[in-house]
Amino acid sequence: MKELRLKVLTGLFLAAGVLSWGAARLWDSVGTLPSVPVAAPIVLAVIAVVLTATALSLRARLKAQRERRPGAKGVEPLMAARAVVFGQASALVAALVAGMYAGTGVHLLSSLDNPARRDQALYAALATAAGIAVIAAALFLERVCRLPEDDDRNGENRAPAA
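These numbers were taken from a predicted model, which means no experiment stands behind them.

**Re the environment of Val144**
Point 1. Relative to the helices and strands, Val144 resides in helix α4 (residues 115–144).
Point 2. Taking the C-alpha atoms as reference, Val144 lies 34 Å from Leu19; in sequence the two are 125 residues apart.
Point 3. Discounting chain neighbours no more than four positions away, the residues touching Val144 are Ala55, Leu58, Arg59 and Leu62.

**Quick notes on the confidence of the model for the protein chain**
Point 1. On average, residues of the protein chain score 87 in pLDDT, and 91% of them are at 70 or above.
Point 2. Mean pLDDT values over the elements of the protein chain span from 55, in helix α5 (residues 148–152), up to 94, in α4.

**Some remarks on the side chain of Glu142**
Point 1. Looking at where Glu142 falls in the secondary structure, it is placed in helix α4.
Point 2. Although buried, Glu142 forms no salt bridge, and the nearest oppositely charged side chain, Arg146, lies 5.1 Å from it.
Point 3. A distance of 2.7 Å separates a polar atom in the side chain of Glu142 from a polar atom in the side chain of Gln88.

**Comments concerning the environment of Ala91**
Point 1. Within the secondary structure, Ala91 sits in helix α3 (residues 77–108).
Point 2. Distance from Ala91 to Leu9, taken between C-alpha atoms, is 7.6 Å for residues 82 residues apart in sequence.

Calculation rules
Residues numbered from 1 in each chain as written. Predicted model: local features only at pLDDT ≥ 70, side-chain atom pairs only at ≥ 80, totals over all residues. Heavy atoms only, no water. Helix = DSSP H or I, 4+ residues; strand = E, 2+ residues; numbered from the N terminus. Contact = heavy atoms within 4.5 Å. pLDDT = per-residue confidence, 0-100. Buried < 20%, exposed > 50% of the residue type's maximum accessible area, 1.4 Å probe, protein only. Lys, Arg positive; Asp, Glu negative; His and termini not counted. Salt bridge = Lys/Arg side-chain N within 4 Å of Asp/Glu carboxyl O. Polar contact = N/O pair within 3.5 Å; in protein donor to acceptor, adjacent residues only side chain to side chain.

Here is the structure:
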């Protein structure tokens, strides 16, 4: 598996943000801008919590396994690989979704005097923050599941493994 690159995630975020901002301006000039769902930040926050809980659980189990504690539950390599793949997929989608909500939120900043638009801007900001939390949790999960010999190479050919 290849490691997630922050440059790729940032590029996806920025591209989605610019496209969303342009689409929001166009849509708003033609008619009514679709609303930002209240559930968007909640769903993204739940995904971030699940990724963080998975990373913390795996980290504790791996630490117990390395220290050879009696009764320590090992980590199956396939389970760790699945967790990393879930984290990577979540980070990629979260970068797109957070960029989309950020672009929409930037467009909504011009009309904060309208209470409905102000609420929509708040939901967009919360969704963007929750999307960034998903990305951070996914990167943490990926770091937890990295094999020790990957760290010994001093950054050469590093790849997360399970």
